[in-house]
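Observations on chain architecture
The chain contents come next:
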Amino acid sequence: MGARPRRRRAPAAAAAAAAAAPGPLGALLAAALLAAAGAQQSATVANPVSGASPDLLPHFQLEPEDVYIVKNKAVSLACRATPATQIYFKCNGEWVHQGDHITQHSTDHGTGLPVMEVRIEVTRQQVEKIFGLEEYWCQCVAWSSSGTTKSQKAFVRIAYLRKNFEQEPTAREVSIEQGIVLPCRPPEGIPPAEVEWLRNEELVDPALDANVYVTPEHSLVLRQARLADTANYTCVAKNIVARRRSASAAITVYVNGGWSTWTQWSGCSTSCGRGWQKRSRTCTNPTPLNGGAFCEGQNVQKTACTTLCPVDGAWSEWSKWSVCGTECTHWRSRECSEPAPRNGGRDCRGPELDTRNCTSELCSHAASGAEDVALYVGLVAVAVCLVLLLLVGVLVYCRKKGGLDADVADSSILTAGFQPVSIKPSKADNPSLLTIQPDLSTATMTYQGSLCPRQDGPAKLQLPNGHLLSPLGAGRHTLHHSSPAAEGADFVARLSTQSYFRSLPRGTTNMAYGTFNFLGGRLMIPNTGISLLIPPDAIPRGKIYEVYLTLHKQEEVRLPLAGCQTLLSPIVSCGPPGVLLTRPAILAMGHCVEASAENWSIRLKKQSCEGTWEDVLQLGAEPCTELYYCQLEAQACYVFTEQLGRFALVGESLSMAASKRLKLVLFAPAACPSLEYNIRVYCLSDTQDVLKEVIQLEKQLGGQLIGAPRVLHFKDSYHNLRLSIHDMPSSLWKSKLLASYQEIPFYHIWSGLQPFLHCTFTLERLSPSTCELACKIWVWQVEGDGQSFTVNFNIAKDTRFSDWLVPDSEVGAPALVGPSAFKIPFLIRQKIISSLDPPGTRGADWRTLAQKLNLDSHLSFFASKPSPTAMILNLWEARHFPNGNLSQLAAAVAEVGKQDGALFAVSEAEC
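Keep in mind that what you see is a predicted model, and the values were worked out from it rather than measured. (Residues numbered from 1 in each chain as written. Predicted model: local features only at pLDDT ≥ 70, side-chain atom pairs only at ≥ 80, totals over all residues. Heavy atoms only, no water.)

So, about the overall build of the protein chain. Scanning the protein chain from N- to C-terminus turns up 13 helices and 52 strands. For the protein chain, buried positions account for 42% of its 911 residues. Considering only contacts in the protein chain between residues 6 or more positions apart, those separated by 24 or more positions represent 69%. When the accessible surface of the protein chain is totalled, it reaches about 48,800 Å², and 54% of it is carbon and sulfur. (Helix = DSSP H or I, 4+ residues; strand = E, 2+ residues; numbered from the N terminus. Buried < 20%, exposed > 50% of the residue type's maximum accessible area, 1.4 Å probe, protein only. Contact = heavy atoms within 4.5 Å. Areas by Shrake-Rupley, 256 points an atom, 1.4 Å probe, with all protein chains shown as cover.)

This next bit is on the sheet that holds strand β7 (residues 102–107). Spatially, 4 strands are ordered β2-β4-β8-β7 in an open sheet, and the strand pairing comes out antiparallel. Looking at strand neighbours, the two that pair on one side only are β2 (59–62) and β7, the edges of this open sheet. Ignoring strand direction, the axes of neighbouring strands in this sheet form an average angle of 25°. Looking at chain direction, strand β4 (residues 75–82) and strand β8 (residues 114–122) are connected through 7 bridges and run antiparallel. (Pairing = 2+ DSSP bridges. Axes fitted to C-alpha atoms, helices over the stretch in contact; angles between N-to-C directions.)

Our focus in this paragraph is helix α12 (residues 868–880). Look at α12: 19 Å from first C-alpha to last across 13 residues, which is about the 18 Å you get at 1.5 Å a residue. Within α12, 11 of the 13 residues are buried, which leaves the element mostly enclosed by the surrounding structure. For α12, the set of buried residues is Pro868, Thr869, Ala870, Met871, Ile872, Leu873, Asn874, Leu875, Trp876, Glu877 and Ala878. (Expected span 1.5 Å × (residues − 1).)

On to the pairing of strand β11 (residues 154–161), then. Bridge count between strand β3 (residues 67–70) and β11: 4 bridges; the pairing is parallel. Across the sheet, Val70 pairs through a bridge with Ala159, a residue of β11. As judged from the 3 bridges shared by strand β9 (residues 136–144) and β11, these two strands associate in the antiparallel manner. Its bridge partner being in β11, Tyr136 is matched across the sheet by Val156.

Between its terminal C-alpha atoms helix α7 (residues 688–701) stretches 20 Å, which fits the 20 Å expected from 14 residues at 1.5 Å a residue. Every buried residue of α7 is accounted for by Asp689, Val690, Leu691, Lys692, Glu693, Val694, Ile695 and Glu698. Buried positions along α7 lie against β31 (521–525), β33 (545–552), β42 (659–669), β43 (676–685) and β44 (703–705). Downstream of α7 by a residue or two, Gly702 has a phi angle that is positive, lying close to 75°.

This brings us to the nonpolar core. Within the largest apolar cluster, 73 residues are counted, with the highest numbers of intra-cluster contacts made by Leu773 and Ile777. Not counting chain neighbours up to four residues away, the residues in contact with Ile777 comprise Leu666, Ile679, Val681, Ser724, Ile725, Phe761, Gln787, Ser788, Phe789 and Val791. Ranked by size, the runner-up nonpolar core spans 36 residues in total, among them Phe862, Trp876, Leu886 and Ala892. (Core = buried A, V, L, I, M, F, W, Y, C linked by side-chain atoms within 4.5 Å.)

Attention now goes to unusual backbone geometry. Excluding glycine, residues mostly carry a negative phi; peptide bonds, for their part, are mostly trans. A cis amide bond links Thr82 with the next residue in sequence, Pro83, at an omega value of -15°. Relative to the helices and strands, Pro83 resides in the loop between β4 and β5 (86–91). Here Glu201, not a glycine, exhibits a phi torsion of approximately 70°, which is positive. Within the secondary structure, Glu201 sits in the loop between β15 (194–199) and β16 (202–203). Despite not being glycine, Asn343 shows a phi value in the positive range, around 55°. Assignment of secondary structure puts Asn343 in the loop between β24 (329–333) and β25 (353–357).

A word on the environment of Ile130. Here Ile130 shows up in the loop between α3 (124–129) and β9. Ignoring sequence-local partners within four residues, the contact set of Ile130 consists of Asn92, Glu135 and Tyr136.

Listed below in C-alpha cells is the structure:
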C-alpha cells in the first residue's frame, strides 16, 4: 500500500488535530506543530529554499514492512519521509508513545528538502496482548506544512514451527520399475514451512533427476523405482524459527529373479543303449536382489535318451547259379542284408558276385536267327495293344466328364437367411430357422465352373436337393445345416489318447484348449470376453493342432512398462507358438482405454521366445508387417495374428486428457456377527476378466455386493484417487477412519499392474440390533472425474445385488470344433467369398460389403490378404458370436448383390 496524500490544512488545524492525541503527547504535538509553523513561515520569508515548493505533501522513501518475531527478540520498524516535520507510528489504531520513537533528521542533497527517519521496536509481549483478537499492525503518519500522509500497514507476527509432522513417510519394499509415493505433511507453522527431502542425508534435487518430483502436497514421487533408489528418505520442514526432521523411511527396491534360457542338451550318457541327457539354466535373468523372490521351478532337466548300437553287416545266402552263358560261364550273387550294416556298423567283407566256368555238357554256342525275329515281333505287338487300351480309356473319361453336372445354385442362396449352427443338430421343422423372401425379379442363375446346357432353348437349371439346401418352396427359401458334433466328439476322443494331448494342464478356469484341423474352431474363456477364432483352412490340411488359450494373472507375468505406459488389457497366451497358420487367427479381449488418436499411443506387445516383450503393432499407424493387425472397438479389441504367442495391449498417454475406465465395485460381508462392519471399495480396470476374479475372491471371503458397479474415467494427471464416506446416522453408526478421506496413489492405478486395488471403510454399530445402514461413499480423482454411491440396505437380509456374484455363463462350451464354432454355414460362406472376392463392375464386391458392415477403415488390410471377403466374415464371426444377427448380415449381402444384377449370373453366350 503506497503513501496516501491528504489535503493541505492550516497549521492551527493541524495543531488542533494533534491536540486530540491522548495524554501529554497531544499537547506536545500541538506545541511543536505551532512552533514549526511559525518557524517555517519566517524561514520562508527570510531564507527560502532554492527549488523547494512550500505546497509539497510528505513522501515516504521507506515504509515499514511485515516482520516476524522469533522467540523473544524484539523487531524494529522504520519509515523515512520527505519533506516531513513530524513522523509518528500508530499501532492497531493507537499512537505509539513519543519516547518510544528514535528520530533522525537529514537533508536531501538533491532537493534540499528536510528528511526525517523514525524507528520503533515491537516486543513479543506487545503482540501477545491482542493475540486472538486481531493481527498486530503498525503504520507511519508523516506531517508537513501541506498536510499528512500515511504509510502502508506492516503486520507483526510471532513466528513458530510445531514439532510433530501431520504425516510422515513410511518404510516400503517395492519391485524394480514400480512407482513410489512417499507422503509428507509438515508441522503447522508461521511462516509456513518449506519442505525438502534427503536421501541418505543428501539433498534430493528434482532438477537433477527426471525420475523424481515433489508434488504440491510435498509428497516425493519416484516414477520408476531403481536399484539406486534403495535408501533412507527423510522429510525436512523448516522456516525462520526451526528445522524439523521426520522419521526416516527405508525404501528397499528388490528384484525378483528370472530364469536364463536353457542350455543345449548334453550328449547321451551312453554310447550304446538307454541313458540320459540333461540341460540347465540359472536364476540370473535377472539375479534376485534385496530380498527379491528366487526363481520358481527346476534349474536342471533330465530326459531319457537312447543311442542306437552299431550293427555289422552279414552276407545272405548265395543265390542259385545262373544259366550257362555263351562264354561257358555262369554266376551267382549274395547281398549284405542279413543284417544290413546300420548305426555305423562295418560293411560285409568279400565279393558279392561269384563267376565260374560251366561244365562241358552245360555250355551251348548255337543261337537261331529265326527265334530272334519272333521275339522282336512279339514285343511290337504288345506295345501296340497297350497304346490302343490307353486311347480307349481317354475317350471314356472325356465322355463321362462331359456328361457331369457341377454345383448349380439359385442366386437367392446368397440373399436368403443363414441358419446358425449349434452343437445339437437342428430339426427340419424348427420354426426359428431364419428365412428371407427371395428376390423373384430376376431369373439369373449361378454357375460354378464352365458348364453349359447341352440342349437348345432357355431351360432353367434346377437346384439339386441336398442335405444343405431344402427344396425350393412356394415363395420362401429355408436353409438347413447339419451339425458334426458327434463326429467332433469322436475325433477329440481319439486324439485324447496321444501323449502330447495330455501334456497341457487341465481344470483351470482361466484356460481353454481343444484339438483342431483344417475345419477351424473357437476357444473361449467364460465370463472374461477372451476368445480365439481359428478360421477354416487356417490350419493346413493334413495337420492337427492342439491349441490352448490362457488368461495370465498379472503377478505371474512380468511386463515391464516405461514412462507413462500403462497396461490396457489382460495378458493372454494362445499357442502352441511356432505352429504354421495359413490364415490369421483372431484373438478377442477386452480393454479399459478411452481411445483417441490425440491422447493415446497404443501398441500391441508380444513376448518373444527369449522372454522379452516387443512392439509388433502400433494402432493407427501403417503395420510394419502383415502378420498382425488390430481392430479396436469401444470395449474390446480383435487381433489378427498368423503367429500364436503371448499378447498384451499397452498404451502411452500423449496428454493429461488421456483417461482409462475404472470399474468401482462395493462389497461387504454377507453376515455380520460382530459390531464391526467393513465396506470394501474396489477400483478395477474396466475389463470382464478382472471383475470375474474379484467376484470369485469375494465369494471366498463371504462378501456380498451392496451397490451396482459404476464406471469412472481416470486421467493421466498425476493426481491420486480419493475415497470418503459421509452422511451416516451418528446415533447408529460411527466410522473408525481417523482422516477425512483415504487415497490410492496415482501410479498404483495408472500402471494397471495391481489388479485388485481397494480401500476398506471400517464402521462400528453402536447396538447389535442395528441392521439398517444408510450412507454415501464418494470416489473421485483430485481435479478430475468422480462417482458417488448411495448405500441404503439391511446388512442382515438385503440380497438385491446377489445375482452379480453368480455371473451368467457364456453360451457354448469353452472349445467348439468345426462348423459348430461358426454362425455362417460353410457352404454359404464359400458362396459369398467366391462371389465377392473378384472386383465387381459397379463396385459390387467385398469393398461394398465392408462399407455396409462399417469396416471400410480396414480396406487396406483386407486387400493385402488372398481373400478379403474371408477376412471380413472372420471378423464378423469374432465380433458377433454367439448372439450375432444373421439376418442383418444376409441383408447386407443381398444389397451388394442387387447393385450388380449379373454378379451371380452367367449367360449362355459365355458358355
